[in-house]
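Chains, contacts and geometry: an overview
Take a look at the letters that make up each chain.
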Amino acid sequence: MNGFNKELFIGKTILIAGAGKGIGLACAKMAAELGGNVIAVARTQSDLDALASQYPDRIESWAMDVTSEVFFERVKALPVLHGLVNNAGINRVGPMEDQSNENIDAVIDLNVRTLYKISQSAITPMKNADSASIVNMSSQMGFVGSPNRTLYCMSKHAVEGITKAMAVELAEFNIRVNTVAPTFVLTPMTKPMFEDETFKKFVFDMIPLGRLGKVEDIAHSCTFLLSEMASMITGTSIKVDGGWTAR
Ligand SMILES: NC(=O)c1ccc[n+]([C@@H]2O[C@H](COP(=O)([O-])OP(=O)(O)OC[C@H]3O[C@@H](n4cnc5c(N)ncnc54)[C@H](OP(=O)(O)O)[C@@H]3O)[C@@H](O)[C@H]2O)c1
């Protein structure tokens, strides 16, 4: 349960890219519970139907690929947009020396190029809002390295960098841009990783608070950054990492 005012997002349109599962789903639910008009985007219609059935008046479902031009055009054509969570992302875990061109291109395409393109498309409708906020879903891996994760780390370090650049460039339109940088969270993306007991021990040993993140932990930080409570915060990151990067 969150402690935010239930009217926090009344009258606000908030788009969550990658809203069908995991962290994005939690962000979409929280924004809907707080009164927002939420545009939830993912490719799997059944995930979006399940979400919309919980909040029929609050969720508009777009079953689309967020890497597509037709999606970018649809975002650009929105009359107004107050919040965007650039959450869609992938990981291809493996030793750097073995990563294929396909893996490299897939990770860069979704985690970096698409984030840029969605944000670029959002500028037009965000200029029609008095103020707006973009939250880029980063990772603790945007601050450190980790075995078998150099490709993913590269993409999330890029997310941290572009966030600062966007914050500087878009400030004149009162568009704030920040990241949320989670540690490991149990979601469909990470579930297979935790079937490996050695890896699981490594992760728990690295997190001083001694537990994985919950999707709600991440959604709380996104909600704060999307809201006017964060109206003077731009170009920075909230690390929701249980202390991983403090070691
Ligand atoms: N889980 C973690 O431990 C963790 C830690 C740090 C950072 N993160 C970051 O948090 C974000 C979300 O991670 P997650 O673990 O929640 O992922 P997830 O469980 O794989 O969920 C991703 C969501 O994004 C959607 N999506 C993916 N590609 C898409 C596309 N091309 N078009 C439209 N929708 C798309 C998926 O739906 P469809 O497949 O139906 O389209 C799904 O709803 C990512 O950026 C990830 O890098 C995760």
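The helix and strand inventory of the chain stands at seven helices and seven strands. Against the compact-globule benchmark of 18 Å for 247 residues, the chain has a radius of gyration of 17 Å, which places it among compact chains. Taken over the C-alpha atoms alone, the chain extends approximately 50 × 35 × 35 Å along its principal axes. Counting all 247 residues of the chain, 52% fall into the buried class. Look at the contacts in the chain between residues 6 or more apart in sequence, and 69% of them connect residues 24 or more apart. Just so you have it, the chain exposes about 11,400 Å², and 54% of that area is on carbon and sulfur atoms.

This part takes up helix H1 (residues 22–33). Here H1 is 12 residues long and its end C-alpha atoms lie 17 Å apart, about the 16 Å a rise of 1.5 Å per residue gives. Of all 12 residues in H1, nine are buried, a share of seventy percent or more. Buried within H1 we find Gly22, Ile23, Gly24, Ala26, Cys27, Ala28, Met30, Ala31 and Ala32. Following H1 by one or two positions, Gly35 has its phi on the positive side, about 95°.

Moving on, we get to the site of the ligand. Around the ligand, a shell composed of 28 residues is seen, among which Arg43, Thr44, Tyr152, Val185 and Thr187 lie nearest. The separation between an oxygen atom of the ligand and a polar side-chain atom of Thr44 is 2.4 Å. Here a nitrogen atom of the ligand sits 2.9 Å away from a polar atom, N or O, in the main chain of Val66. Relative to its free-state accessible area of 880 Å², the ligand is covered by the protein chains to the extent of 93%. Of all elements in the fold, only H1 and helix H5 (150–170) reach the threshold of two or more residues within the shell around the ligand.

With that out of the way, let us pick up the packing of aromatic side chains. Taken as a whole and assessed by the stated rule, the structure comprises eight aromatic pairs. Taken together, a centroid distance of 5.9 Å and an interplanar angle of 90° make the contact between Phe184 and Phe194 edge-to-face. Separated by 10 residues along the polypeptide, Phe184 in the loop between strand E6 (175–182) and helix H6 (197–206) and Phe194 in the loop between E6 and H6 bring together distant segments of the chain. Here Phe184 matches Phe194 in class, with each residue buried. Members of the aromatic cluster, joined through ring pairs, are Phe184, Phe194, Phe199, Phe202 and Trp244. In this arrangement the basic side chain of Arg74 is found over the ring face of Trp62, its NZ or CZ atom lying 4.0 Å from the centre.

What follows is about the side chain of Arg176. Looking at the secondary structure, you find Arg176 in strand E6. Of the side chains bearing the opposite charge, Glu228 lies closest to the buried Arg176, which forms no salt bridge; the N-O distance is 4.9 Å. Looking at Arg176, its side chain comes within polar contact range of the main-chain oxygen of Leu225, at 2.9 Å. A distance of 2.8 Å separates a polar side-chain atom of Arg176 from the backbone oxygen of Ala230. Once residues within four sequence positions are removed from consideration, Arg176 is found in contact with Ala132, Ser133, Ile134, Leu225, Leu226, Ser227, Ala230, Ser231, Met232, Ile233 and Thr234.

This part takes up the packing of helix H4 (residues 101–127) against H5. Where H4 contacts H5, the two axes come as close as 9 Å, and the packing angle between them is 15°. Classified by the angle their axes make, H4 and H5 are roughly parallel. In the crossing of H4 with H5, the sense of the turn from one axis to the other is right-handed. Contact residues: H4 offers Asn103, Ile104, Val107, Ile108, Asn111, Val112, Leu115, Tyr116, Ser119 and Ile123, while H5 offers Leu151, Tyr152, Met154, Ser155, Lys156, Ala158, Val159, Ile162, Met166 and Leu170. Taken together, the residues of the contact of H4 with H5 break down into 15 nonpolar, four polar and one charged.

What follows covers the sheet that holds strand E5 (residues 132–137). Taken together, seven strands build an open sheet; the order of strands is E3-E2-E1-E4-E5-E6-E7 and the sheet is parallel. Of all strands in the sheet, those bounded by a partner on one side alone are strand E3 (59–63) and strand E7 (237–240). Each adjacent strand pair in this sheet contributes to an overall mean axis angle of 15°, direction not counted. Of the pairings in the sheet, the one linking E5 to E6 comprises six bridges and is parallel in character. Within E6, the position partnered with Met137 by the bridge is Val180. Along the sheet, H4 contacts strand E1 (13–17), strand E4 (83–86), E5 and E6; its crossing angle with E4, the most-contacted strand, is approximately 175°.

Parameters and conventions
- Residues numbered from 1 in each chain as written.
- Predicted model: local features only at pLDDT ≥ 70, side-chain atom pairs only at ≥ 80, totals over all residues.
- Heavy atoms only, no water.
- Helix = DSSP H or I, 4+ residues; strand = E, 2+ residues; numbered from the N terminus.
- Rg over C-alpha atoms; globule rule 2.2 N^0.38 Å.
- Buried < 20%, exposed > 50% of the residue type's maximum accessible area, 1.4 Å probe, protein only.
- Contact = heavy atoms within 4.5 Å.
- Areas by Shrake-Rupley, 256 points an atom, 1.4 Å probe, with all protein chains shown as cover.
- Expected span 1.5 Å × (residues − 1).
- Near = heavy atom within 4 Å.
- Polar contact = N/O pair within 3.5 Å; in protein donor to acceptor, adjacent residues only side chain to side chain.
- Phe/Tyr/Trp six-rings, centres within 6.5 Å; stacked < 30°, edge-to-face > 60°.
- Lys NZ or Arg CZ within 6 Å of the ring centre and 35° of its normal.
- Lys, Arg positive; Asp, Glu negative; His and termini not counted.
- Salt bridge = Lys/Arg side-chain N within 4 Å of Asp/Glu carboxyl O.
- Axes fitted to C-alpha atoms, helices over the stretch in contact; angles between N-to-C directions.
- Parallel < 35°, antiparallel > 145°, perpendicular 65-115°, else oblique.
- Left-handed = near helix turned anticlockwise from the far one by under 90°.
- Nonpolar A, V, L, I, M, F, W, Y, C, P; charged D, E, K, R; others polar.
- Pairing = 2+ DSSP bridges.

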